[in-house]
Amino acid sequence: MSTLASAGLAPTRARLDNGLVVLAKQATATPAVTLHVMCRAGAAHDPIGLPGASHLVARLLDRGTETRSAEDIADALEERGVSLAIKTSRHTMSIAVDCLRDDFDAVLAIVADVMRRPACPDDQLALRRRETLTRLKQDEDNPAVRAGEELFSIMYGSSHPYGWRSKGTPDSVARMTREDLLAFHRAWLAPGRVSMAIVGDIEPARAVDRVLGALGDWNAAGKEDAPIPAPPVRTAREMQVIAMPSKAQADIAYGFVTITRLDPAYYAYWVMNTILGQYGIGGRIGDHVREKQGLAYYAYSTFDPHVVPGPLVVRAGVDGANVDRALATIDAEIAAIAAEGPTEAEIADTKRFLIGSLPRTLETNAGIAFFLQTAEHFGLGLDYDLRLPALVDGVTRDEAHAAARTLAPERASVVVAGPYAG
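Source: prediction; values computed, not measured. (Residues numbered from 1 in each chain as written. Predicted model: local features only at pLDDT ≥ 70, side-chain atom pairs only at ≥ 80, totals over all residues. Heavy atoms only, no water.)

Asks: I would appreciate a short explanation of the layout of surface pockets in the present structure.
Replies: If you roll a probe as big as a water molecule over the atoms, it shows you where there is empty space left. Approximately 580 Å³ is the volume attributed to the second largest pocket. Along its surface, the second largest pocket is lined by 29 residues, and Ala-44, His-45, Asp-225, Ala-226 and Ile-228 are the ones closest to its centre. Top element by residues in the lining of the second largest pocket is helix α7 (residues 178–188). It accounts for 5 residues. Tallied by class, the residues present in the lining of the second largest pocket amount to 18 nonpolar, 5 polar and 6 charged. (1 Å grid on protein atoms, 1.4 Å probe; cavity = no way out; pocket = protein on both sides within 12 Å on 5 of 7 lines; lining within 4 Å. Points joined across faces, edges and corners; volume = space filled by probe spheres on them. Helix = DSSP H or I, 4+ residues; strand = E, 2+ residues; numbered from the N terminus. Nonpolar A, V, L, I, M, F, W, Y, C, P; charged D, E, K, R; others polar.)

Asks: When you look at the pairing of strand β4 (residues 32–39) in this model, what are you seeing that I'm missing?
Replies: Look at any regular strand and the pattern is simple: side chains alternate between the two faces of the sheet. Extensive coverage of β4 is indicated by the burial of 8 of its 8 residues. Burial along β4 is two-sided: Ala-32, Thr-34, His-36 and Met-38 and Val-33, Leu-35, Val-37 and Cys-39, pointing in opposite directions, are all buried. Sheet topology places β4 next to strand β6 (residues 93–100); 8 bridges connect them, and they run antiparallel. Opposite Met-38, over in β6, you have Ser-94 as the bridge partner. Across 7 bridges, β4 lies against strand β7 (residues 194–200) in antiparallel orientation. Bridged to Thr-34 within β7 is Val-199. (Buried < 20%, exposed > 50% of the residue type's maximum accessible area, 1.4 Å probe, protein only. Pairing = 2+ DSSP bridges.)

Asks: Whenever I open this one, the environment of Ala-214 confuses me. Can you help?
Replies: In this structure, Ala-214 sits in helix α8 (residues 204–215). It is 6.3 Å that separates the C-alpha atoms of Ala-214 and Ala-109, two residues lying 105 residues apart in sequence. Setting aside chain neighbours within four positions, we find Ala-214 in contact with Leu-108, Ala-112 and Arg-116. (Contact = heavy atoms within 4.5 Å.)

Asks: Honestly, the environment of Thr-30 in this entry has me stumped. Any pointers?
Replies: Take Thr-30: it is sitting in the loop between β3 (21–26) and β4. Classification of Thr-30 as partly exposed rests on a relative accessible area of 40%. Leave out the neighbours within four places in its chain, and Thr-30 touches Asp-201 and Asn-365.

Asks: Mind showing me how you'd approach the pattern of salt bridges here?
Replies: Where charged atoms from two side chains of opposite charge approach closely, those side chains can pair. Across all of its chains, the model carries 29 salt bridges by this definition. Arg-80 is paired through a salt bridge with Glu-79; the nearest N and O atoms lie 3.9 Å apart. As a salt-bridge pair, Asp-287 and Lys-292 come within 3.3 Å of each other at their nearest N and O atoms. You can call Asp-287 partly exposed: its relative accessible area is 29%. Salt bridges linked by common partners bring Asp-105, Arg-206, Asp-209 and Arg-210 together as one network. (Salt bridge = Lys/Arg side-chain N within 4 Å of Asp/Glu carboxyl O.)

Asks: Help me understand the sheet that holds strand β9 (residues 250–257) in this model?
Replies: What the 5 strands build is an open sheet, ordered β8-β12-β9-β11-β10; its pairing is mixed. Both outer strands of the open sheet, β8 (238–243) and β10 (296–303), are each paired with one neighbouring strand and no more. Each strand axis lies, on average, 10° off the axis of its neighbour in the sheet, ignoring direction. Pairing of β10 with strand β11 (residues 311–318), which is carried by 7 bridges, proceeds in the antiparallel orientation. By the bridge assignment for β11, Ser-301 is matched with Val-314. Packing against the sheet, helix α9 (residues 266–277) makes contact with β10 and β11, and its axis sits at approximately 175° to β10. (Axes fitted to C-alpha atoms, helices over the stretch in contact; angles between N-to-C directions.)

Asks: Can you help me understand the state of the cysteines in this one?
Replies: One covalent bond between the sulfur atoms of two cysteine residues makes up a disulfide. What the rule picks out here adds up to 0 disulfides. The cysteine Cys-120 is free of any disulfide, with Cys-39 supplying the nearest cysteine sulfur at 14 Å. (Disulfide = S-S within 2.5 Å.)

Asks: Hey, could you run me through the packing of helix α11 (residues 323–340) against helix α15 (residues 397–404) in this one?
Replies: A pair of packed helices is captured by two measures, namely the crossing angle of their axes and the spacing between those axes. Packing of α11 against α15 brings their axes to within 7 Å, and their N-to-C directions diverge by 135°. As far as their axial angle goes, α15 and α11 are oblique. Here the hand of the crossing between α11 and α15 comes out left-handed. Listed contacts from α15 to Ile-337, Ala-338, Ala-339 and Glu-340 of α11 are Arg-397, His-401 and Ala-404. Split into classes, the residues belonging to the contact of α11 with α15 amount to 4 nonpolar, 1 polar and 2 charged. (Parallel < 35°, antiparallel > 145°, perpendicular 65-115°, else oblique. Left-handed = near helix turned anticlockwise from the far one by under 90°.)

Asks: Please explain α15 as it appears in this structure.
Replies: Helical geometry note: an α-helix holds 3.6 residues per turn, so side chains three or four residues apart project in the same direction. Three or more residues of α15 are buried, namely Ala-400, His-401, Ala-403 and Ala-404. Summarising the axial view, the buried residues of α15 lie within an arc of 155°, below the 170-degree limit, and thus occupy one face. For α15, the elements touching its buried residues are α9, α11 and α12 (344–361). (Arc of directions from axis to C-beta.)

Structure (structure tokens):
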């Protein structure tokens, strides 16, 4: 059954009998098509005690199937001048590829095969395992990665999926077997957990028909998502220092657990965080820490809510001698926006910036595909692109101030990694 929105992007949405969702949008500016697959199979789905399974499965998807070798897949993609971008996040695994219109059927067949029938051959598993172990060693020597991972462990706890290392640990990666990875695939990569956005020079009806032909007989059941526990409530500040004296720069990670993506206050938080650490050269944080005081090589904040309360995180990279002053300035900016709220001018400028940026995010096939996937993932509706400007424009100063009041330096989680003794 298909539904067609009345204006705007007006994507066609079809749900196959096996539960797989197809989102199709025709755009004929170039003879190209973007295919973006999203499956609810991210790091949060890793088995307890085996972190990194999602990451390693993703690394092996295009390294051989039941009928194609890794070389066969690489050759077929290279002949068409394309490559698969396979990524994992906390909640999803995605495959993205841009191809010429005339190559769409062949590329779709490859994507369908790697998604449905990965073989995870032992020789490729050994190769990917070595690569992952090497990356974990590199991460151990990277202050930015160490600070970020430790911050999430503090904010969410080591037993929460957000507190796990998404690439796994040296022990879990070393222990993972081919059967472990195939079991992860059977559990979480199933048609009812997959949405596929197809944007470009292809008629929506043809796109849906081709997906039906490639994946309509895929009947794997998969598992249902288990509830993710709520993160702990933080009542006091916690700070940890990871001493890395040989490094030239210290990395600060400073965060709070906030709200879910579907919380009605989402747009107020989005506007508030943009004022705090995104607008201009890093918002208020960047202006004071980097521009006015010259303390940081970079300074900004991010806001990333999802199906569980997500983090608002301030990041800064500073000379080790400037860590205390940078932290004091971040504390002051957090306290100021919580106490006084944004100004009316900041609210107006930020809403104009966010609404004006929306068309730029939809300029490319890939941008549209990602937007459609996000709307589908959170159930925001086929007309979300039409409603989004009004949702942002409706944020008031009082609402943004209410969001800011949930932040408090005395309840912050803070990690400093680098040449800093504390």
